[in-house]
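# Structural overview for review
So the chains spell out like this:
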Amino acid sequence: FFRSMRNLIASKDFREGFVEMLPACIGLLPFGLVCGVGAAAAGANGLASLGMSGIIFSGAAQILAAQMVAADAPYAVIVLTCFVLGLRFLMYSAAMAPYLQPLPARMQKVLAFLLTDQAFAAAVRRFNASDDRHAAGLHFLGCGAALYVVWQVSCMVGFLAGNLIPSAWSLEFAVPLCFIALLAPLFRDMPSVLAAITAGIAVLAMSHLPMRLNLIVAGVLGIVVGTCADLARERWKAR
């Protein structure tokens, strides 16, 4: 294992990918801190917090999961909600599949786990610029490794800070606030706004549903309304 790690670190392509992703890692630091604070506010211990950041490895899903755990939502609902939130990675995976096909199966699985928005953009650019799939794969691995390491460190620092800061400060407000900050830039057109309004009204109107199912139902209704509005807009433009 240690020999493989030394060979990996000695690889020029891996190091280039790692260094290239460091500027993006700086932008992840406050996000990871909020996720760590959210885990502390949800009552997680250090091992649970590290496990959540290490396994989920998705800022938006992790923030949402921490918020739902704090609200005592059933774990099945939490998993399903995070799954829906991560559906965009299906498109990323479909785009990356032709590039990764020549690589060993074990490497494909590792790269699939490390796939993020930032790593996807860097990896596609490198694969398009080079015919050496293995070298581009190592570059992708370096990008993902940089993001993963910085994410774990920032989440743990946030968790420790969340436990040191007095509970009277009510830092749990940072979790929904950060999630709102993630969603706000997406409201660029009428279908997105209608979907958000529909989901917001529905989640409040159906708050009586058991097992926090109002979150799932509201999300589905928002998607349906947003899709219908988008189709209606396209038909209107076609006239």
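The structure displayed is predicted, hence computed values, not measured ones.

### Let's talk about the packing of helix α5 (residues 59–70) against helix α6 (residues 75–85)
Two elements in contact, α5 and α6, have axes whose closest approach is 10 Å; the angle formed by their N-to-C orientations is 155°. As judged from the angle between their axes, α5 and α6 are roughly antiparallel. Considering only the axes of α5 and α6, their crossing is right-handed. Contacts between α5 and α6 pair Ala 60, Ala 61, Leu 64, Ala 65, Met 68 and Val 69 from the former with Val 77, Ile 78, Thr 81, Cys 82 and Leu 85 from the latter. The residue makeup of the contact of α5 with α6, split by class, is ten nonpolar, one polar and no charged.

### Brief notes about the environment of Phe 57
As for its placement among the helices and strands, Phe 57 is situated in the loop between α4 (46–56) and α5. When the C-alpha positions of Phe 57 and Leu 114 are compared, they lie 8.0 Å apart, and in sequence the two are 57 residues distant. In this structure Phe 57 touches Met 52, Phe 113, Leu 114, Thr 116, Gly 144, Leu 147, Tyr 148, Trp 151 and Gln 152, once residues within four positions along its chain are discounted.

### Considering the pattern of salt bridges
Applying the stated criterion across every chain yields a total of six salt bridges. For Lys 12, the salt bridge identified is with Glu 16, shortest N-O distance 2.4 Å. Of this pair, Lys 12 and Glu 16 both sit in helix α2 (residues 12–20), separated by four residues, roughly a single helical turn. We note a salt bridge from Arg 126 to Asp 13, for which the minimum N-O separation is 2.7 Å.

### Quick notes on the state of the cysteines
Within this structure, the stated rule accounts for zero disulfides. Summary of cysteine pairing: Cys 25 is not part of a disulfide, and the nearest cysteine sulfur, belonging to Cys 143, is at 9.1 Å.

### A short note on a nonpolar patch on the surface
Where nonpolar side chains cluster on the molecular surface, the patch consists of Leu 80, Phe 83, Val 84, Leu 87, Leu 90 and Ile 223 and spans about 570 Å² of accessible area. Ranked by the residues each element gives to the nonpolar patch, the list is headed by α6, at three residues. Tracing the backbone through its elements, the reader meets Leu 80 in helix α6. The class for Leu 80 is partly exposed, based on a relative accessible area of 42%.

### Structural notes on the packing of aromatic side chains
In the structure shown here, the tally under the stated rule is eight aromatic pairs. Residues Phe 31 and Trp 151 carry aromatic rings whose centres are separated by 5.7 Å and whose planes lie at 80° to one another, so their mutual orientation is edge-to-face. Here Phe 31, found in helix α3 (residues 22–41), pairs with Trp 151, found in helix α10 (residues 133–164); they are 120 residues apart in sequence, far enough to count as distant. Given a relative accessible area of 3%, Trp 151 falls into the buried group. By the ring-pair criterion, three or more aromatic residues cluster together here, those being Phe 57, Phe 113 and Tyr 148.

### Side note on the packing of α4 against α10
Where α4 contacts α10, the two axes come as close as 10 Å, and the packing angle between them is 150°. Overall, the two elements α4 and α10 adopt an arrangement that is roughly antiparallel. Crossing of α4 against α10: the hand is right-handed. From α4, Gly 46, Ser 49, Leu 50, Ser 53 and Gly 54 reach across to α10, where they touch Tyr 148, Trp 151, Gln 152, Cys 155, Met 156 and Phe 159.

### Some words on α6
Of the residues making up α6, those classed as buried are Val 77, Ile 78, Thr 81 and Cys 82. Taken around the axis of α6, the buried residues stretch over an arc of 130°, which confines them to a single face. The exposed residues of α6 that point more than 90 degrees off its buried face are Tyr 75, Ala 76, Val 79 and Phe 83.

### So, the nonpolar core
Residues Met 96, Phe 127 and Phe 140 are the most contacted members of the largest nonpolar core, which totals 37 residues. For this core, the secondary-structure elements that each account for two or more residues are α3, α7 (88–100), α8 (105–113), α9 (117–129) and α10. Counting residues per element, this core draws most heavily on α10, which supplies eleven residues. What Phe 140 contacts, discounting residues up to four positions off in sequence, is Met 96, Leu 100, Leu 111, Leu 115, Ala 119, Ala 123 and Phe 127. Core analysis: the second largest hydrophobic core is formed by 13 residues, Ala 40, Met 52, Ala 65 and Met 68 among them.

What counts, and where the lines are drawn
Residues numbered from 1 in each chain as written. Predicted model: local features only at pLDDT ≥ 70, side-chain atom pairs only at ≥ 80, totals over all residues. Heavy atoms only, no water. Axes fitted to C-alpha atoms, helices over the stretch in contact; angles between N-to-C directions. Helix = DSSP H or I, 4+ residues; strand = E, 2+ residues; numbered from the N terminus. Parallel < 35°, antiparallel > 145°, perpendicular 65-115°, else oblique. Left-handed = near helix turned anticlockwise from the far one by under 90°. Contact = heavy atoms within 4.5 Å. Nonpolar A, V, L, I, M, F, W, Y, C, P; charged D, E, K, R; others polar. Salt bridge = Lys/Arg side-chain N within 4 Å of Asp/Glu carboxyl O. Disulfide = S-S within 2.5 Å. Patch = residues over 30% accessible without salt bridge, like charges linked within 9 Å, V, L, I, M, F, W, Y side chains within 5 Å. Areas by Shrake-Rupley, 256 points an atom, 1.4 Å probe, with all protein chains shown as cover. Buried < 20%, exposed > 50% of the residue type's maximum accessible area, 1.4 Å probe, protein only. Phe/Tyr/Trp six-rings, centres within 6.5 Å; stacked < 30°, edge-to-face > 60°. Arc of directions from axis to C-beta. Core = buried A, V, L, I, M, F, W, Y, C linked by side-chain atoms within 4.5 Å.

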